[in-house]
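Spelled out, the chains give:
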Amino acid sequence: MSSAPIGVFDSGLGGLSVVRAIVELMPSESLLYVADTAHCPYGSRSVEYLRARAMHISAWLQAQGAKAIVVACNSATVATIATLRENFSLPIIGIEPAIRPAAANTKSGVIGVLATAATLGSAHLAALIERHTEYHEVVTSACPGWVEAVEAGALDSPATRALVEASVQPLLDAGADTLVLGCTHFPFLRPLIEVVAGPSIRILETGMPVARQLQRQLQSHQLAANGSPPVHRFLSSANPAAQAAFVRHYWPGVGEIAQLPA
Ligand code: DGL
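Parameters at a glance
- Residue numbering note: each chain is counted from 1, following its sequence as written.
- Reporting in this predicted model follows two pLDDT cut-offs: at least 70 for local features of residues, and 80 or more for side-chain atom pairs to be given and counted; totals over whole chains, interfaces and linings ignore these cut-offs and use all residues.
- Side-chain measures here rest on the full set of heavy atoms in the structure, leaving out hydrogens and waters.
- Pairing between strands requires that DSSP locate at least two bridges from one strand to the other.
- Only runs of H or I of at least four residues qualify as helices and only runs of E of at least two qualify as strands under DSSP, and these elements are numbered from the N terminus.
- A contact between two residues is defined here by any heavy atoms of the two lying within 4.5 Å.
- Axis lines are fitted through C-alpha atoms, for helices just across the contact stretch, and the angle between N-to-C directions can take any value from 0 to 180 degrees.
- Side-chain rings of Phe, Tyr and Trp (the six-membered ring for Trp) are treated as a pair once their centres are within 6.5 Å; stacked means planes under 30 degrees apart, edge-to-face means over 60, and tilted covers the remaining angles.
- For each residue, the accessible area found with a 1.4 Å probe, counting protein chains only, is set against the maximum for its type, and the residue is called buried under 20%, exposed over 50%, and partly exposed in between.
- One heavy atom suffices: a residue is near a molecule or strand as soon as one of its heavy atoms comes within 4 Å of it.
- Residues adjacent in sequence count toward polar contacts only when both atoms are side-chain atoms; beyond that, a polar contact is any pair of N or O atoms within 3.5 Å, and within protein one must be able to donate a hydrogen and the other to accept it.
- Throughout, the Shrake-Rupley method with a 1.4 Å probe supplies accessible areas, and for residues the shown protein chains are the sole cover considered.
- By nonpolar core is meant a set of buried Ala, Val, Leu, Ile, Met, Phe, Trp, Tyr and Cys residues that side-chain atoms within 4.5 Å join together.

## Brief notes about the sheet that holds strand β10 (residues 257-259)
Reading across the sheet, the six strands line up as β4-β3-β1-β2-β9-β10 and stay open at both edges, with parallel pairing between neighbours. A single partner strand is all that each edge strand has here, and the edge strands are β4 (92-93) and β10. On the sheet, helix α1 (residues 16-25) packs against β1 (6-10), β2 (31-35), β3 (68-71) and β9 (232-236) and is oriented at approximately 170° with respect to β2.

Next up, the structure:
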């Protein structure tokens, strides 16, 4: 049992879609969230850059007493999860696109994957696809502008709708009946994606499976919350005041919203 917080990080606000699932599943856990907004978007960064950021943030979270770290970012997971596990002894939980559930769900045999360029170009995703999609076709989109739209809070503007259409329609045209949201920012655009895709298309996201995996890890390491009142903190490497409205809306239990120390 432990009152220590779970450390969570992402390039910005996207990981709050994972926080939402963690809070729903384990409301008594404390959370310490880092939005690395000064370095957002991660999706166009090199592996070396992402490893340096992930090492820096994880070391900080560990120094704050985090009992586990959730890499709430697909781009950072594919580039850094092995390095983090080599360098830190606390449980490290990553996130990856829901390829296996998509393969089990699709009737058309065509799976659409929406993710960043970093995730789409990774050996990690190639291995996932290779492992789970023997008889399927996988079509992808790097979704230009989506992460920036979420960071700007422009979740339902006409410009964002045009961006969503531009990336989703080609996947539908290719026959996809299942869309995998392979970036933690994208669940915030789900209402728009649903409008564009229509009701017959299945949309898969990964926040809850990650929360369940975290729960299993905490239990197996005897690290689950000990009944102290949970403390929820949000720190940003950019301008936390500008993010506060979004953060409070999607994470109503959040307390402190502050600048990440340099
Ligand atoms: N939310 C992240 C992901 O899941 C990163 C998005 C970005 O910064 O490009 O990939």
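## Examining the packing of aromatic side chains
Summed over all chains, the structure comprises six aromatic pairs. Judged by centre distance (5.5 Å) and plane angle (10°), the ring pair of Y33 and F234 falls under stacked. One end of the pair, Y33, is in strand β2; the other, F234, is in strand β9, and 201 residues separate them in sequence. Note on accessibility: Y33 and F234 belong to one class, buried. Note on F188 and F246: the rings are 5.2 Å apart at their centroids and 70° apart in plane angle, and the pair reads as edge-to-face. Residue F188 is located in the loop between β7 (178-181) and α9 (190-197), and its partner F246 is located in helix α11 (residues 240-250); the two are separated by 58 residues in the primary sequence. Residue F188 is classed as buried on the basis of its relative accessible area of 5%. Looking at F246, the relative accessible area reads 12%, which means it is buried. Taken together, the aromatic side chains of Y33, F234 and W251 make up a single cluster linked through ring pairs.

## Structural notes on unusual backbone geometry
A cis amide bond links C40 with the next residue in sequence, P41, at an omega value of 5°. Locating P41 in the fold gives a position in the loop between β2 and α2 (47-63). Notably, Q222 is not glycine yet its phi reads approximately 55°, a positive angle. Mapped onto the elements of the fold, Q222 is located in the loop between α10 (207-220) and β9. Residue classification places Q222 among the exposed positions, given a relative accessible area of 58%.

## Topic: the site of the ligand
The full set close to the ligand counts 14 residues, and S11, Y42, G43, S75 and H185 are the nearest of them. Contact between the ligand and H185: a nitrogen atom at 2.7 Å from a side-chain N or O atom of the residue. Across the complex, the protein chains shield 99% of the 300 Å² of accessible surface that the ligand would expose by itself.

## Focus: the nonpolar core
By size, the foremost hydrophobic cluster in this structure holds 55 residues, and its most contacted members are L16, V70, V168, L179 and F234. In terms of residues, this core owes the most to one element, α1, which gives five residues. Look past the residues within four positions of F234 in its chain and what remains in contact with it is L13, L16, Y33, A35, Q243, V247, W251, V254, E256, I257 and A258. By size, the runner-up hydrophobic cluster in this structure holds 23 residues, among which are F9, L32, L50 and A54.

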